[in-house]
Amino acid sequence: MNTFRPLFLAAALFTGFLFISCNYAKNVRLLTGGEVKRTNFVQTLPFEYSKGLIVVGGYINQDTTRHEFIFDTGAFNSKVENELAKSLRLPDVATKSNSTAQGNTRKISVTRLDSIRFGETTFSKIGAGKLIYDQQSASPCIAEDGIIGANLIKLAHWKIEYDKREVHFSDSPFGTEQGNTVYSLPFKRPLLSGVPEIKIEVNGRTVSGVLFDVGYNGGLVLPASFAGSFQSDEEQIVIDQSTTGIYGTNVDTLITKKLEVSVGGYSSRIPVEFSSIGKALLGNEFLEHFTVLLNYNRKEISLIPKREVEISPGLRFIPGVLNDSLWVVNRTVPDSPLQLGDTLMSVNNLKPADVFDNYCDYVMNIGSLLDAEELEVVTKDEIPVTVKLK
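Residues numbered from 1 in each chain as written. Predicted model: local features only at pLDDT ≥ 70, side-chain atom pairs only at ≥ 80, totals over all residues. Heavy atoms only, no water.

Undergrad: How should I be thinking about the confidence of the model for the chain in this particular structure?
TA: Detailed reading of the predicted coordinates is not advisable wherever pLDDT is low. Looking at the chain as a whole, the pLDDT averages 92, with 95% of positions reaching at least 70. This model gives residues 11-19 a pLDDT under 50, and the stretch forms zero contacts once residues within four places in sequence are excluded. (pLDDT = per-residue confidence, 0-100. Contact = heavy atoms within 4.5 Å.)

Undergrad: Would you explain the sheet that holds strand β13 (residues 183-186) in this entry?
TA: Sheet strands pair by backbone hydrogen bonding; their relative direction is either parallel or antiparallel. Sheet architecture is open: six strands sit in the order β2-β12-β11-β23-β24-β13, paired in antiparallel fashion. The two strands at the open ends of the sheet, each matched to only one other strand, are β2 (42-46) and β13. In this sheet, neighbouring strand axes are inclined to one another by 15° on average, regardless of whether the strands run parallel or antiparallel. The pairing of strand β23 (residues 290-295) with strand β24 (residues 300-305) spans six bridges and is classified as antiparallel. By the bridge assignment for β24, Thr291 is matched with Ile304. (Pairing = 2+ DSSP bridges. Helix = DSSP H or I, 4+ residues; strand = E, 2+ residues; numbered from the N terminus. Axes fitted to C-alpha atoms, helices over the stretch in contact; angles between N-to-C directions.)

Undergrad: Please explain the pattern of salt bridges as it appears in this structure.
TA: Opposite charge on two side chains lets them pair, provided their charged atoms get close. Applying the stated criterion across every chain, the model contains twelve salt bridges. In this structure, the salt-bridge partner of Arg106 is Asp134, at a minimum N-O distance of 3.8 Å. You can see Arg106 sitting in strand β8 (residues 105-118) and its partner Asp134 sitting in the loop between β9 (121-131) and α3 (139-142), a full 28 residues away along the chain. Note on Arg106: relative accessible area 34%, which makes it partly exposed. We note a salt bridge from Arg331 to Asp240, for which the minimum N-O separation is 2.7 Å. Separated by 91 residues along the polypeptide, Arg331 in strand β26 (residues 327-332) and Asp240 in strand β17 (residues 235-240) bring together distant segments of the chain. (Salt bridge = Lys/Arg side-chain N within 4 Å of Asp/Glu carboxyl O. Buried < 20%, exposed > 50% of the residue type's maximum accessible area, 1.4 Å probe, protein only.)

Undergrad: Can you walk me through the packing of aromatic side chains in this structure?
TA: Here a ring pair, both rings aromatic, is described through the centre-centre distance and the interplanar angle of the planes. The tally for this structure, following the rule as stated, stands at 16 aromatic pairs. Centroid distance Tyr49 to Tyr162: 5.7 Å. Interplanar angle 75°. Geometry classified as edge-to-face. Of this pair, Tyr49 sits in strand β3 (residues 48-50) while Tyr162 sits in the loop between β11 (157-161) and β12 (166-170); the two residues are 113 residues apart in sequence, bridging distant segments of the chain. Just as Tyr49 is buried, Tyr162 falls in that class too. A cation sits over an aromatic face here: Arg117 above Tyr59, 4.4 Å from the ring centre. A cation over a ring is seen here: Arg205 above Phe230, with NZ or CZ 5.8 Å from the ring centre. (Phe/Tyr/Trp six-rings, centres within 6.5 Å; stacked < 30°, edge-to-face > 60°. Lys NZ or Arg CZ within 6 Å of the ring centre and 35° of its normal.)

Undergrad: What's the story with helix α7 (residues 359-369) in this structure? I'm lost.
TA: Residues spaced three or four apart along an α-helix point in a common direction, a consequence of the helix completing one turn every 3.6 residues. When α7 is considered as a whole, its buried residues turn out to be Asp361, Tyr362, Val363, Ile366 and Leu369. On its buried side, α7 packs onto α3, β25 (318-321), β26, β27 (343-347), α6 (352-355) and β28 (374-379). Measuring from the backbone nitrogen of Cys360 back to the side-chain oxygen at the start of α7 gives 3.2 Å, which picks out Asn358 as the cap. (Polar contact = N/O pair within 3.5 Å; in protein donor to acceptor, adjacent residues only side chain to side chain.)

Undergrad: For this particular structure, what's the right way to read the state of the cysteines?
TA: Working definition: the covalent bond between the sulfur atoms of two cysteines is a disulfide. Under the definition given, this model contains one disulfide. What pairs with Cys141 in a disulfide is Cys360, and their sulfur atoms sit 2.1 Å apart. A torsion of -80° about the S-S bond marks the disulfide between Cys141 and Cys360 as left-handed. Placement of the pair is Cys141 in helix α3 and Cys360 in helix α7, with a sequence separation of 219 residues. Given a relative accessible area of 31%, Cys360 falls into the partly exposed group. (Disulfide = S-S within 2.5 Å.)

Undergrad: How should I be thinking about the side chain of Lys96 in this particular structure?
TA: Within the element layout of this structure, Lys96 appears in strand β7 (residues 94-99). No salt bridge is formed by the buried Lys96; its nearest oppositely charged neighbour, Asp72, is found at 12 Å. Lys96 has contacts with Asn27, Asn77, Arg106, Lys107, Ile108 and Val110, leaving out every residue within four places of it along the chain. (Lys, Arg positive; Asp, Glu negative; His and termini not counted.)

Undergrad: For this particular structure, what's the right way to read the nonpolar core?
TA: The nonpolar side chains of a soluble globular protein tend to be buried with one another. In this structure, Ile116, Trp158, Phe212, Leu220 and Phe286 are the most contacted members of the largest nonpolar core, which totals 61 residues. In this structure Phe212 touches Thr73, Gly74, Pro196, Ile198, Leu282, Leu287, Val292, Leu294, Ile301 and Leu303, once residues within four positions along its chain are discounted. Grouped together as the second largest cluster of nonpolar side chains are 21 residues, Leu315, Val329, Leu344 and Leu375 included. (Core = buried A, V, L, I, M, F, W, Y, C linked by side-chain atoms within 4.5 Å.)

Undergrad: Where do I start with the pairing of strand β15 (residues 205-212) in this structure?
TA: Every other side chain in a regular strand lies on the same face of the sheet, so the side chains alternate between the two faces. In terms of strand pairing, strand β14 (residues 197-202) meets β15 through five bridges, oriented antiparallel. Of the residues in β15, the one forming a bridge with Val202 is Arg205. Here β14 hands over to β15 after two residues, with Asn203 in that stretch at a positive phi of 50°. Where β15 and strand β22 (residues 281-282) come together, two bridges link them in parallel fashion. Each residue of the ladder has a partner; that of Leu211, found in β22, is Leu281.

Undergrad: Honestly, unusual backbone geometry in this entry has me stumped. Any pointers?
TA: Leave glycine aside and you will find that most residues have negative phi; peptide bonds, for their part, are mostly trans. Of note in the backbone geometry, Asn203 takes a positive phi value of approximately 50° without being a glycine. Relative to the helices and strands, Asn203 resides in the loop between β14 and β15. Given a relative accessible area of 36%, Asn203 falls into the partly exposed group. Of note, the phi angle at Glu382 is positive, near 65°, even though the residue is not glycine. With respect to the helices, strands and loops of the structure, Glu382 is situated in the loop between β28 and β29 (384-388).

Undergrad: What is the right way to read the side chain of Lys257 from this model?
TA: Mapped onto the secondary structure, Lys257 falls in strand β20 (residues 252-263). Excluding residues within four positions of it along the chain, Lys257 makes contact with Ala227, Phe230, Ser232, Glu234, Glu235, Ile270, Pro271, Val272 and Phe274.

This is the structure we're talking about:
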C-alpha cells in the first residue's frame, strides 16, 4: 500500500488545486459580470444618514419588499444578510475570504443577484456575499439587509449630496456648475472592484494607499506606523474596542494628533487618528462637508466644499453594555484607573436597562449619554470614579 501514497497525495493536491481554481474563476465572473439595465439616465435616490452612514433602499430580484443597505465604497463586494438570502432562495455560487477594517476575517458564501433595483434603475448579475453579522456588530442596527459595495458602485458614476440627503447616479459622469470651487483627486481601483484608493498630504508629506470610504463614519485614520513621522502639540492616546464592523470589534490603540491635511488641494487642520490595526481610511466625518462626485471613467473624485471642515476630537471614554445590569469599559486612556474590559456597576447611577431597551437602542442612542464633560461610574468593587469624556 505504501507505493500508492504518493499517487494519492498527488491526486488530492490536484483535486484541491482544481477546486481553488474553479472557485477563483467563479468569484472573478461574479465581480466582472455586473451591468446596468438602462442608458442615458440620471437616477436620484433619497438616503437616510444614520450614525454617519449612507443608507439606501432597493429591491432584490422579484421581491416587492424594500430592503435597506449601507452604501459603502470601501467594501470590495456587496453583501446580503444571510437570512434574507435564504428567504429569497439565493444559491451559493462560490466562497471567499472577507476582511474588515477592524482586522476581522470570515470565510463567506457568495451568491449572484439577478437584479437589484434602485428607483427606476436596475443593476443585474451582481455578486454579493452572504452576510452573517457578529453579535457585537452595529451594522444591522443601521441597515439590517446588507451592503452596496464597490463591485456595484463601479458600474455607474455618482454624486453624493450630504446636505440634501440625496445620492444620484448615471451612466455619464456628473459635471460641476460654473463658479463652483472644485478639488479633484485621482484614484486607483482594484481590477475586479471599484474601491477608490487615493493619495493625501499630511503636514506636507504624501500618504498613499488611503481608501476613500463612505462606508466609514469617522474622519481620517492612518496606520500607527506613520504616527512617529508627524509632530503635533495636540495629542491623545486611547485604547479602544468600541468601533465595530460587520464581523464585530477588535482591540485598537489610537493615537490622535491634530495635523494639517490636504485632500485634492483642500487643506484643513483636523484630528488624525493613527490605528494599531493598520487601517487607512477617509470617511464621512470629513466627506460630509462636501458634495462628492465619483467619475469611474477618469478615475477621479471631485470635492465641492459646502462648509468648512470641522471634526471633533475623539472621546476619552466609552462604556459598553455587558448585560441589562452591568456596563463594560469599551474605551479608556492609558493613565485612567479603568482598564479596557473592566466591569462597571453603574454609569451616572444608571444600569444599562435604565437607559436602553436593547443593543440597537444602545448603538443608536449612546451619544446622548456621552454628550457631557464627564461621567460618574462605579466599578465592580464599588469604587466611584469620575471620568472625563473630552
